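# Working through the structure, step by step
Now for the letters of each chain:
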Amino acid sequence: MAKATTIKEALAKWEEKNGQKASEAKEVKLYGQIPPVERMDESLSTLVNCEKLSLSTNCIERIANLNSLKNLRILSLGRNNIKNLNGLEAVGDTLEELWISYNFIEKLRGIRVMKKLKVLYMSNNLVKDWAEFARLAELPLLEDLVFVGNPLQEKYASDQKNNWIEEATKRVPKLKKLDGTLVIKQEEEEEGGN
């Protein structure tokens, strides 16, 4: 089997293709590397200006080495082998969007560090209980959540879609959009009618 692509190698390929230094770029796409990236190594520290980083469709197991990414607003880690959200502390003050669908996340411990997170796409993970889902209420700005394909959502959605949306928005009341559906609360409808 081919050895994994390192972040350093992926960045060198990206620079060659884009004719730009990765350290100066605002957006860096390292998704779908062949062979895949397995580790978020210390080479990420060069991305000091990066606002949007994509490492989707690789074989990454752990979120790591984000300390130097002080401007990061959007992090895309979908289709990897990530099992938890540890490692996000370094970008907790800046990250606005986290795309982490199609991973193996069961627990949402550590999510509360994401003070500015507005968008969380985490469909097709392994969250199966309301206690874990309720941790999302600790995100003060979260308004757009994609959660479809998690065992918890599948269990409730099979009853009826509205039941899932109702239960989920009770636990995370600030949501404006859930699984692509606009969520309008009864009180807001009444206020808007005046």
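Above this text you will find the structure in question.
Computed from a prediction, not measured in an experiment: that's the story for all the values here.

## Overview of the pattern of salt bridges
This model, assessed by the stated rule, comprises 13 salt bridges. Between arginine 73 and glutamate 96 there is a salt bridge, with its nearest N and O atoms 3.7 Å apart. Taken as a pair, arginine 73 in the loop between strand E2 (52-54) and strand E3 (74-76) and glutamate 96 in the loop between E3 and strand E4 (97-99) lie far apart in primary sequence, 23 residues in all. With relative accessibility at 23%, the residue glutamate 96 sits in the partly exposed group.

## Some words on unusual backbone geometry
Geometrically, the link from isoleucine 34 to proline 35 is a cis peptide bond, its omega value of -15 degrees lying close to zero. As for its placement among the helices and strands, proline 35 is situated in the loop between strand E1 (27-29) and E2. The residue asparagine 124 is not glycine, and still its phi comes out positive at about 55 degrees. Its place among the elements puts asparagine 124 in the loop between strand E5 (119-121) and helix H2 (130-134). The exposure class assigned to asparagine 124 is partly exposed, which follows from its relative accessible area of 27%.

## Considering the packing of aromatic side chains
A ring pair, where both rings are aromatic, is described by two values, the distance of the centres and the angle of the planes. According to the stated counting rule, one finds seven aromatic pairs in the structure shown. Note on phenylalanine 133 and phenylalanine 147: the rings are 4.9 Å apart at their centroids and 85 degrees apart in plane angle, and the pair reads as edge-to-face. One end of the pair, phenylalanine 133, is in helix H2; the other, phenylalanine 147, is in the loop between strand E6 (144-146) and helix H3 (151-157), with 14 residues separating them in the sequence. Assessed through its relative accessible area of 0%, phenylalanine 147 is described here as buried. Consider the rings of phenylalanine 133 and tryptophan 164, whose centres lie 5.6 Å apart with planes at 65 degrees: the pair is edge-to-face. On the criterion of sequence distance, the pair formed by phenylalanine 133 in helix H2 and tryptophan 164 in helix H4 (residues 161-171) is long-range, its members being 31 residues apart. By the burial criterion, phenylalanine 133 is buried, and tryptophan 164 matches it. Each member of the aromatic cluster is reached from another via a ring pair, and the members are Trp130, Phe133, Phe147, Tyr156 and Trp164. Positioned above the aromatic ring of tyrosine 102 is the side chain of arginine 79, whose terminal nitrogen or guanidinium carbon lies 3.9 Å from the ring centre. The ring of tryptophan 130 has arginine 171 sitting right over it, with the charged end atom 3.9 Å from the ring centre.

## Some remarks on the side chain of asparagine 58
When you line up the elements, asparagine 58 lands in the loop between E2 and E3. Of the polar contacts made by the side chain of asparagine 58, one reaches the backbone oxygen of leucine 30; its length is 3.1 Å. For asparagine 58, the residues in contact, after removing those within four places along its chain, are Leu30, Tyr31, Gly32, Gln33, Pro36, Val37, Arg79 and Asn80.

## Considerations on the layout of surface pockets
Estimated volume of the largest pocket: approximately 200 Å³. Ala10, Lys13, Trp14, Lys17, Asn18, Lys29, Leu30, Tyr31 and Gln33 together form the lining of the largest pocket. Element by element, the count of residues in the lining of the largest pocket is highest for helix H1 (residues 7-18), at five residues. Along the lines of polarity and charge, the residues of the lining of the largest pocket split into four nonpolar, two polar and three charged.

## Looking at the side chain of glutamate 132
Following the sequence through the fold, glutamate 132 ends up in helix H2. Once you skip the residues sitting within four places of it in the chain, glutamate 132 turns out to touch Glu106, Lys107, Leu108, Arg109 and Val127.

## Notes on the nonpolar core
Ranked by size, the top nonpolar core spans 54 residues in total, and within it Leu53, Leu88, Ile100, Leu120, Phe133, Leu136 and Trp164 carry the most contacts. Going through the elements one at a time, H1, H2, H3 and H4 are the ones with two or more residues in this core. Element by element, the count of residues in this core is highest for H1, at four residues. Non-local contacts of phenylalanine 133, meaning those with residues more than four positions away in its chain, are made with Leu108, Val127, Leu145, Phe147, Leu152, Trp164, Ala168, Arg171 and Val172.

## Concerning the environment of serine 56
Turning to its location among the elements, serine 56 is positioned in the loop between E2 and E3. Residues serine 56 and isoleucine 100 lie 44 residues apart in sequence; the distance between their C-alpha atoms is 8.2 Å. Engagement of the side chain of serine 56 in a polar contact is seen with the backbone nitrogen of glycine 78, the distance being 3.2 Å.

Reading guide: rules and limits
- Residues numbered from 1 in each chain as written.
- Predicted model: local features only at pLDDT ≥ 70, side-chain atom pairs only at ≥ 80, totals over all residues.
- Heavy atoms only, no water.
- Salt bridge = Lys/Arg side-chain N within 4 Å of Asp/Glu carboxyl O.
- Helix = DSSP H or I, 4+ residues; strand = E, 2+ residues; numbered from the N terminus.
- Buried < 20%, exposed > 50% of the residue type's maximum accessible area, 1.4 Å probe, protein only.
- Phe/Tyr/Trp six-rings, centres within 6.5 Å; stacked < 30°, edge-to-face > 60°.
- Lys NZ or Arg CZ within 6 Å of the ring centre and 35° of its normal.
- Polar contact = N/O pair within 3.5 Å; in protein donor to acceptor, adjacent residues only side chain to side chain.
- Contact = heavy atoms within 4.5 Å.
- 1 Å grid on protein atoms, 1.4 Å probe; cavity = no way out; pocket = protein on both sides within 12 Å on 5 of 7 lines; lining within 4 Å.
- Points joined across faces, edges and corners; volume = space filled by probe spheres on them.
- Nonpolar A, V, L, I, M, F, W, Y, C, P; charged D, E, K, R; others polar.
- Core = buried A, V, L, I, M, F, W, Y, C linked by side-chain atoms within 4.5 Å.

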